[in-house]
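Residues per chain, in single letters:
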Amino acid sequence: MNTSVSDIDPDNAIDQHVTAVITHRVKVGRQEGYEEWIRGISAAAREFEGHLGVSILRPQPDTPPDYVIVLQFDACSHLTAWLNSDTRHTWIERVKPLIQAQETIQVLSGLESWFQLPKQPGPKAPRRYKQAILIWLGVMIVSLGVSPLVAPLLSFLPWLLKVSVNVAITVALLSYVIMPRLTRWFKGWLVVN
């Protein structure tokens with residue numbers, strides 16, 4: 001099972017946080033073995049440079065047995081190193097008897113990963129105004145909660161550098177802390193049209 005990572009553009013995403021969305025359709029009756037496989041490959045991935053975390057979306061009752069692995073790395077080069085590694089290829093060989101078809105991999109590097117896993121069954125992306133409201137709420141949380149705490153620490157910096165550092169902190173907190181939680185908490189509202 002060869003997995004192509006040709007949709008990753010290392011020139012544009014090399015220093016950018018990336019998310020790989022990997023889908024496996026598990027054979028009926030093989031879920032227990034697959035769960036064990038997930039624990040093993042997840043532990044192996046954590047050993048690779050730049051690994052930021054993994055989330056597993058399990059199938060719901062009365063839906064196709066698709067497992068979705070959401071894998072995050074700090075840079076495209078680190079994700080590519082993991083996807084092309086001998087370690088991962090060994091784990092992929094082990095999963096072949098447990099899945100129905102070749103895995104699919106999609107790579108996200110922008111804000112779209114806050115709201116939707118592409119090409120997944122289920123609700124479509126939330127309406128733009130809902131996305132805007134949630135982003136506004138996230139920025140407000142950071143602006144009111146974090147910026148006042150950081151401002152005294154940055155007071156010695158020139159204005160432009162101070163703003164740049166503050167924006168960098170805001171973006172990092174939105175990407176890794178605030179937006180994942182907000183989208184989980186407001187999931188019901190986001191998917192209702």
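What you are looking at is a predicted structure, and each value in this text was computed from that prediction instead of being measured.

Cut-offs and rules
- Residues numbered from 1 in each chain as written.
- Predicted model: local features only at pLDDT ≥ 70, side-chain atom pairs only at ≥ 80, totals over all residues.
- Heavy atoms only, no water.
- Salt bridge = Lys/Arg side-chain N within 4 Å of Asp/Glu carboxyl O.
- Helix = DSSP H or I, 4+ residues; strand = E, 2+ residues; numbered from the N terminus.
- Buried < 20%, exposed > 50% of the residue type's maximum accessible area, 1.4 Å probe, protein only.
- Axes fitted to C-alpha atoms, helices over the stretch in contact; angles between N-to-C directions.
- Left-handed = near helix turned anticlockwise from the far one by under 90°.
- Contact = heavy atoms within 4.5 Å.
- Nonpolar A, V, L, I, M, F, W, Y, C, P; charged D, E, K, R; others polar.
- Arc of directions from axis to C-beta.

**Q** I tried to follow the pattern of salt bridges on my own but got confused; where do I start?
**A** It is possible for side chains bearing opposite charge to pair when their charged atoms get close. For the coordinates displayed, the defined rule picks out four salt bridges. Residue D66 pairs with R25 through a salt bridge whose shortest N-O separation is 2.5 Å. Residue D66 is found in strand β3 (residues 66–73), and its partner R25 is found in strand β1 (residues 18–25); the two are separated by 41 residues along the sequence. The class of D66 is buried, set by a relative accessible area of 14%.

**Q** Explain the packing of helix α7 (residues 147–154) against helix α8 (residues 159–185) to me, please; I cannot follow it from the model alone.
**A** To describe two helices that pack against each other, one gives the angle between their axes and the distance between the axes. Close contact between α7 and α8 brings their axes to 11 Å; oriented N to C, the two are set at 145°. Classified by chirality, the crossing of α8 by α7 is right-handed. Contacts from S147, V150 and L154 of α7 reach α8 at K162, V165, N166 and I169. Split into classes, the residues belonging to the contact of α7 with α8 amount to four nonpolar, two polar and one charged.

**Q** Please explain α7 as it appears in this structure.
**A** The periodicity of an α-helix, 3.6 residues per turn, causes residues three or four positions apart to be oriented the same way. Buried within α7 we find S147, V150 and L154. Projected onto a plane normal to the axis of α7, the buried residues spread over an arc of 65° and lie on a single side. Turned more than 90 degrees away from the buried face of α7 sit L149 and P152, all of them exposed. Contacts made by the buried residues of α7 are with α6 (128–145) and α8.

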